[in-house]
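Residue strings, one per chain:
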Amino acid sequence: MLDIKILREQPDLVRAGIRRKREDPSLVDKALELDLQRRQLLQKGETLKSRKNTVSAQVAAMKAKKEDATAVIAEMRGVADEIKMLDEELRTAEEALRSVMLQMPNLPDPSVPDGTGPEDNKPIAHWGEPPVIDFPPKPHWDLVKSLGLIDFDRGTKVTGAGFPVYVGKGARLERALISFFLDEAMHAGYTELLPPLMVNADSATGTGQLPDKEGQMYVVQSDGFFLVPTAEVPVTNFYRDEILPEERLPVRLCAYTPCFRREAGSYGKDVRGLNRVHQFNKVELVNLVHPTASAEALESMRAYAESLLRKLGLHYRVLLMCAADLGFTQTKKYDLEVWSVGQQRWLEVSSISNFESFQARRLNIRYRPAAGGKPEMVHTLNGSALALPRIVAALLEHYQTPEGKVVIPSALHAFTGFEVIG
RNA sequence: GGAGGGGUGGGUGAGUGGCCGAAACCAACGGUUUGCUAAACCGUCGUAGGGGGUAAACCUCUACCGAGAGUUCGAAUCUCUCCCCCUCCGCCA
């Protein structure tokens with residue numbers, strides 16, 4: 001959520017940002033109108049309440065002096081109802097304003113390029129080379145089948161399509177990658193959380209899954225919970241409604257969780273193998289930082305995620321997302337994509353975003369300046385480090401041998417306990 | 001799931017209809033005192049939203065004592081619903 005004060009003070013700036021995101025700038029005018037209406041109602045109601053308080057104090061004083069207060073009381077009878085009505089109107093206005101504000105996207109950072117879609121994302125860095133393979137490389141869905149690493153069919157039987165079962169060395173490889181990513185994060189100074197896999201509606205609203213993206217989450221109807229679509233949700237909500245001392249910043253948290261996504265509407269393309277599944281594993285980073293530090297934090301998170309790919313020896317590229325391809329809550333975002341030899345295409349394995357104060361305002365996470373003064377919103381960032389399925393896909397394809405085996409990169413040996421599959 | 005107890009400011013904790021945004025203590029911050037430290041003493045010490053003020057300072061109003069609704073001229077205090085925590089019982093990994 002944006003700060004309503006920015007709308008009041010610099011509406012043009014906000015409109016321009018919204019336009020860059022290809023969303024509706026007239027939201028600004030709607031919000032300003034509702035804001036004005038809200039303040040008028042507020043003033044009316046408060047004047048009345050002030051009078052009520054004054055008169056009530058008079059009644060108390062009169063009764064203390066054993067005077068007759070019935071006249072005054074009679075005069076005030078009915079004022080309570082009037083106040084109630086005004087409060088009701090005010091509540092309606094506030095809800096309308098909030099609903100408009102919740103529809104208003106975060107503004108893109110000035111360093112984000114213009115664009116109209118994914119084709120305008122800017123590749124800004126490459127690392128490594130596609131592996132030299134002098135035989136027809138297999139896609140990972142063939143490899144996991146022939147090597148018995150993942151059983152998609154039985155997963156479909158047990159739950160449904162998109163719920164793979166990892167088997168034997170496949171399961172072990174998955175676990176090894178999770179441990180590797182978590183250990184690396186710990187060495188980089190992150191505190192590990194193992195959070196709940198279900199969250200309540202407040203948490204889902206705080207990070208922006210609700211109200212818009214409800215259809216993307218699995219819902220536990222009977223208890224009003226949502227299965228986490230990413231660890232971002234429980235982890236960022238960890239400090240919801242809190243005021244942190246400035247000395248505590250930056251807060252750097254990491255967490256492994258399974259991620260549950262309905263992926264409604266994405267049937268058809270790109271769903272083969274591990275490209276898109278309903279449950280997958282991911283290690284996520286969350287940073288809560290001082291407002292002046294978020295730009296730098298974004299870069300350092302990106303550099304950290306890159307370091308993981310380098311240790312795994314995977315060919316990758318970095319994309320700076322254009323304004324149109326930014327998510328609703330994001331001001332700036334990098335995607336990391338690894339090269340899939342078997343599919344001859346790039347696969348997104350990490351997305352690193354700065355939300356500045358947008359999420360913090362929804363979540364009400366503030367810090368108290370060390371110098372004293374009013375609490376201010378922190379800036380939040382998150383990034384995958386990393387999402388497992390496509391890493392596994394790229395890794396199996398990248399390190400496959402002509403005999404159909406797979407060589408495990410040395411960084412993982414300590415975690416897998418084996419160096420080759422097959 | 002059943003029975004009982006409870007949710008008050010950063011913490012402990014008082015407050016059963018008005019003078020309560022809320023005692024007291026602790027913590028924190030500023031100061032006085034002090035050779036240094038400690039102690040003592042004085043002061044400050046919640047959040048949010050309006051209005052005023054050129055802005056900061058500051059002034060002023062309103063709301064908030066788990067959440068919501070109700071009773072009343074007036075609610076932290078009484079009533080109802082819900083949420084959460086604790087204790088005991090049951091069930092259970």
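So, how was this worked out
- Residues numbered from 1 in each chain as written.
- Chains lettered and ligands numbered in written order.
- Predicted model: local features only at pLDDT ≥ 70, side-chain atom pairs only at ≥ 80, totals over all residues.
- Heavy atoms only, no water.
- Core = buried A, V, L, I, M, F, W, Y, C linked by side-chain atoms within 4.5 Å.
- Buried < 20%, exposed > 50% of the residue type's maximum accessible area, 1.4 Å probe, protein only.
- Helix = DSSP H or I, 4+ residues; strand = E, 2+ residues; numbered from the N terminus.
- Contact = heavy atoms within 4.5 Å.
- Polar contact = N/O pair within 3.5 Å; in protein donor to acceptor, adjacent residues only side chain to side chain.
- Phe/Tyr/Trp six-rings, centres within 6.5 Å; stacked < 30°, edge-to-face > 60°.
- Lys NZ or Arg CZ within 6 Å of the ring centre and 35° of its normal.
- Expected span 1.5 Å × (residues − 1).
- Domains from an automatic or database assignment.
- Buried area = accessible area lost by both parts, 1.4 Å probe.
- Salt bridge = Lys/Arg side-chain N within 4 Å of Asp/Glu carboxyl O.
- Near = heavy atom within 4 Å.
- Nonpolar A, V, L, I, M, F, W, Y, C, P; charged D, E, K, R; others polar.
- Pairing = 2+ DSSP bridges.

Counting 54 residues, the largest nonpolar core has Leu177, Phe181, Leu309, Leu312, Val338 and Ile391 as its most contacted members. Ranked by the residues each element gives to this core, the list is headed by helix α11 (residues 294-312), at eight residues. Apart from residues no more than four positions distant in its own chain, leucine 177 is found in contact with Leu312, Leu388, Ile391, Val392 and Leu412. Ranked by size, the runner-up nonpolar core spans 18 residues in total, among them Leu7, Met104, Leu107 and Phe328.

Here we come to the side chain of glutamine 359. Of note, glutamine 359 is situated in helix α12 (residues 358-363). A polar contact is formed between the side chain of glutamine 359 and the side chain of glutamate 232, at a distance of 2.8 Å. Dropping the residues within four chain positions of it, glutamine 359 is found in contact with Gly206, Thr207, Glu232, Thr236 and Thr380.

Take the packing of aromatic side chains next. In this structure the tally under the stated criterion is eight aromatic pairs. On the numbers, 5.9 Å between centres and 80° between planes, the contact of phenylalanine 328 with phenylalanine 358 is edge-to-face. Highlighted residues: phenylalanine 328 in the loop between β11 (316-320) and β12 (332-340) and phenylalanine 358 in helix α12, separated in sequence by 30 residues. Since its relative accessible area comes to 1%, phenylalanine 358 is described here as buried. Here arginine 252 stacks its cationic end above the ring of tyrosine 190, 4.7 Å away from the centre of that ring.

In this section: α11. The terminal C-alpha atoms of α11 lie 27 Å apart, and with 19 residues this matches the ideal 27 Å at 1.5 Å per residue to within 8%. Restricting attention to buried positions, one finds in α11 the residues Ser294, Ala297, Leu298, Met301, Arg302, Tyr304, Ala305, Glu306, Leu308, Leu309 and Leu312. Phi for glycine 313, located one or two positions after α11, is positive at around 70°.

A few words now on the domain arrangement of chain A. In many analyses, interface size is given as the accessible surface area lost on bringing the parts together. Each assigned domain of chain A is listed with its residue range as follows: domain 1 (4-103) and domain 2 (118-421). Here the C-alpha centre of domain 2 lies 43 Å away from the C-alpha centre of domain 1. Every contact between the two is made by seven residues of domain 1 and, on the other side, nine residues of domain 2. It is Arg20, Lys21 and Leu102 that lose the most area in domain 1 upon contact with domain 2, and together they represent 71% of the buried surface on that side. Where domain 1 meets domain 2, there are zero salt bridges.

Around RNA strand B there are 22 residues in total, and Arg8, Arg38, Arg77, Arg366 and Arg368 lie nearest to it. In RNA strand B, atoms within 4 Å of the protein come from the sugar-phosphate backbone in 69% of cases. At 3.0 Å from a sugar or linking oxygen of RNA strand B is found a side-chain nitrogen or oxygen belonging to arginine 38. Lysine 63 places a polar side-chain atom, nitrogen or oxygen, 3.4 Å from a base oxygen of RNA strand B. Of all the elements in the fold, those that place two or more residues in the surface near RNA strand B are α3 (26-64), α4 (70-76), α5 (79-103) and β14 (365-368). Considering only residue class, the surface near RNA strand B consists of seven nonpolar, four polar and eleven charged.

Across the sheet, three strands lie side by side as β5-β7-β6; this open sheet has antiparallel pairing. Unpaired on one side and paired on the other, β5 (198-199) and β6 (219-220) mark the two borders of the sheet. Sheet topology note: the β6/strand β7 (residues 225-227) ladder contains two bridges and is antiparallel. Paired with valine 220 across the bridge in β7 is phenylalanine 225.

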